[in-house]
Amino acid sequence: MIPALMPNYNRADVAFERGEGAWLFTADGRRFLDFGAGIATSSLGHGHPVLTSAIAEQAARVIHVSNLYRVPQAETLAARFVENSFADSVFFCNSGAEANEGMVKMIRKAQAEAGHPERWRIICFDGAFHGRTLAMISATGNANYLKGYGPPVDGFDHVPFNNLNALRDAIGPETAGIIVEPIQGEGGIRSANEGFLQGLRAACDEFGLLLGLDEVQTGMGRTGKLFAHQWTTMTPDVMSLAKGIGGGFPMGAVLTTEAVAKNMRPGTHGTTFGGSPLACTAGNAVLDVMLQPDFLPDVERRAAMLRTQLEALARDFPSVIQDVRGHGFLLGLKLSVPNTDMQAACLGAGLLTVAAGDNVLRLAPPLIVSVSDCEAAVGMLRRAAAHFAESKVAAQ
Ligand SMILES: *Cc1c(COP(=O)(O)O)cnc(C)c1O
């Protein structure tokens, strides 16, 4: 019989009752070190007092009022994003896919309002992930995600990642803009090469295109800057956020320049739940923590220590781990054994991880993870890797 809960996920047979920091606990008293953070989402870990008390207090006051009225929490949060980014204006929504839909609509709208309604196509990259709505599976372009859902939504062209020549060749009279992840997350923790984002910016400026960054996974402190592109000197025209923005509370956002935002007059776009008092309270609480002057430098410092230890692990198990990828606390181990087997071995050792494309095991702990938790995680990874190294020896 079909389960009441739709079987569209491959769930591990474990359920968590409560969490504390980077740890999750089952009802029967087992504990797991959470290096998945709900897919790079529980940015402040579990039970963070600043976040949980803010949510509880706001929930008791008012949860939702709609966008028929002013929402002071949203005005404050938007102003804080404007102050800390390239952006002049912010739209709030509820998920990464919804933020990316908004980003694509805003790019097309800006072209149309600038007298170029014929420019509506978006260039995307092989290996991208932009979400699961009908349009975003087309933007993603992965055949597995498109299969069975009818003709792909038109308007998305794909070129190889990190190849500026291919990108320039793909630009045509109908091209409106480009959307790109600074580090492809689901695609296998594949980073934009040095100069690639700047090259995209230059191409957009040259051809009158708009540049959209999908920072749904890389944003909100994940790489040690508030946004990953802040490691470079380029800025986008539009940027999508979600995952870590509410510390686990569902939320998304589209940040844009004034030139893009000025076209989004009343009635052009909207969403019922977006930017509610409760969601924006969560977002403000997350920023209260992340904008403390020491927070992001400390993320960078702890992440660098973790990376050094992972590189040592990779040297100790060259038959299992090929290399360490990523930036900050968005790291990937490129494996020689199936990543889902390694993920299962890690679960057995008490460590939660996330598989990614390109046979990569993704490590995305909460940004509050301690040095000793990182050491514990590497110990668990070592045990899991040893299992494969031994079984390989045994098989010879
Ligand atoms: C997770 C993710 C999305 C989709 O977000 P949802 O909240 O699942 O819709 C889009 N883009 C990137 C880069 C992501 O990592």
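Since the structure is predicted, the reported quantities are computational estimates derived from the model, not experimental observations.

1. Re the side chain of Thr 281
So, step 1. Relative to the assigned elements, Thr 281 resides in helix α10 (residues 277-290).
So, step 2. Accessibility expressed as a relative area gives 11% for Thr 281, which makes it buried.

2. A few points about the site of the ligand
So, step 1. The environment of the ligand is formed by 13 residues, the closest being Gly 96, Ala 97, Asp 214, Gln 217 and Lys 243.
So, step 2. The side chain of Lys 243 places a nitrogen or oxygen atom 2.6 Å from an oxygen atom of the ligand.
So, step 3. Computed on the free molecule, the ligand has an accessible area of 380 Å², of which 81% lies beneath the protein chains in the complex.
So, step 4. Tallying contributions element by element places helix α4 (residues 96-113) first for the shell around the ligand, with three residues.
So, step 5. A per-class count over the shell around the ligand returns three nonpolar, six polar and four charged.

3. Some thoughts on the sheet that holds strand β5 (residues 121-125)
Through backbone hydrogen bonds, the strands of a sheet pair up, either in parallel or in antiparallel fashion.
So, step 1. One open sheet accounts for seven strands, arranged β4-β12-β11-β10-β7-β5-β6; its pairing is mixed. Two strands close off the open sheet at either side, each with one partner strand: β4 (89-93) and β6 (156-159). Here the strands of the sheet are splayed against their neighbours by 20 degrees on average, with no regard to which way each runs.
So, step 2. Alignment of β5 against β6, held across four bridges, turns out to be parallel. Of the residues in β6, the one forming a bridge with Ile 122 is Phe 156.
So, step 3. Across the sheet, helix α3 (residues 72-83) touches β4, β11 (238-241) and β12 (252-256), and the angle it forms with β4 is around 130 degrees.

4. A few points about the domain arrangement of the protein chain
So, step 1. Taken domain by domain, the protein chain holds domain 1 (18-34 + 294-395) and domain 2 (49-290).
So, step 2. Listed per partner, the contact involves 21 residues of domain 1 and 20 residues of domain 2.
So, step 3. Taking both partners together, domain 1 and domain 2 bury about 1,600 Å²; carbon and sulfur atoms supply 62% of that area.
So, step 4. It is Leu 296, His 327 and Leu 330 in domain 1 that bury the most area against domain 2; as a group they hold 37% of the surface buried on that side.
So, step 5. Applying the counting rule to domain 1 against domain 2 returns one salt bridge.
So, step 6. A salt bridge links Arg 362 to Glu 186; its shortest N-O distance comes to 2.8 Å.
So, step 7. Our count for the contact surface shared by domain 1 and domain 2 stands at seven residue pairs in polar contact (both at pLDDT 80 or more).
So, step 8. For the side of domain 1 that touches domain 2, the secondary-structure elements that each account for two or more residues are α11 (295-316), β13 (321-327), β14 (330-335) and β17 (360-363).
So, step 9. Ranked by the residues each element gives to the side of domain 1 that touches domain 2, the list is headed by α11, at four residues.
So, step 10. Among the residues forming the side of domain 1 that touches domain 2, the class breakdown is 12 nonpolar, five polar and four charged.

5. Remarks on the sheet that holds strand β15 (residues 351-352)
So, step 1. The strand order β1-β2-β3-β15 describes an open sheet built from four strands, whose pairing is mixed. Two strands lie at the open edges of the sheet, namely β1 (16-20) and β15, each paired on one side alone.
So, step 2. Sheet topology note: the β1/strand β2 (residues 23-26) ladder contains four bridges and is antiparallel. Of the residues in β2, the one forming a bridge with Glu 20 is Trp 23.

6. Overview of the packing of aromatic side chains
So, step 1. Under the criterion given, the structure shown has six aromatic pairs.
So, step 2. Geometrically, the ring pair formed by Phe 16 and Phe 32 is edge-to-face, given 5.7 Å between the ring centres and 70 degrees between the ring planes. Taken together, the positions of Phe 16 in strand β1 and Phe 32 in strand β3 (residues 31-34) put the pair 16 residues apart, joining distant regions of the chain.
So, step 3. We classify Phe 16 as partly exposed; its relative accessible area is 33%.
So, step 4. Following the ring pairs from residue to residue traces out a cluster consisting of Phe 125, Phe 161 and Phe 196.
So, step 5. One cation-aromatic arrangement involves Lys 225 over Trp 231; the distance from NZ or CZ to the ring centre is 4.7 Å.

7. Side note on the pairing of strand β10 (residues 210-214)
So, step 1. In terms of burial, β10 is a largely internal element, five of the five residues being buried.
So, step 2. Neither face of β10 is exposed, since Leu 210, Gly 212 and Asp 214 on one face and Leu 211 and Leu 213 on the opposite face are all buried.
So, step 3. Relative to β10, strand β7 (residues 175-180) runs parallel, the two being bridged by four bridges. Opposite Ile 179, over in β10, you have Gly 212 as the bridge partner.

Parameters and conventions
Residues numbered from 1 in each chain as written. Predicted model: local features only at pLDDT ≥ 70, side-chain atom pairs only at ≥ 80, totals over all residues. Heavy atoms only, no water. Helix = DSSP H or I, 4+ residues; strand = E, 2+ residues; numbered from the N terminus. Buried < 20%, exposed > 50% of the residue type's maximum accessible area, 1.4 Å probe, protein only. Near = heavy atom within 4 Å. Polar contact = N/O pair within 3.5 Å; in protein donor to acceptor, adjacent residues only side chain to side chain. Areas by Shrake-Rupley, 256 points an atom, 1.4 Å probe, with all protein chains shown as cover. Nonpolar A, V, L, I, M, F, W, Y, C, P; charged D, E, K, R; others polar. Pairing = 2+ DSSP bridges. Axes fitted to C-alpha atoms, helices over the stretch in contact; angles between N-to-C directions. Contact = heavy atoms within 4.5 Å. Domains from an automatic or database assignment. Buried area = accessible area lost by both parts, 1.4 Å probe. Salt bridge = Lys/Arg side-chain N within 4 Å of Asp/Glu carboxyl O. Phe/Tyr/Trp six-rings, centres within 6.5 Å; stacked < 30°, edge-to-face > 60°. Lys NZ or Arg CZ within 6 Å of the ring centre and 35° of its normal.

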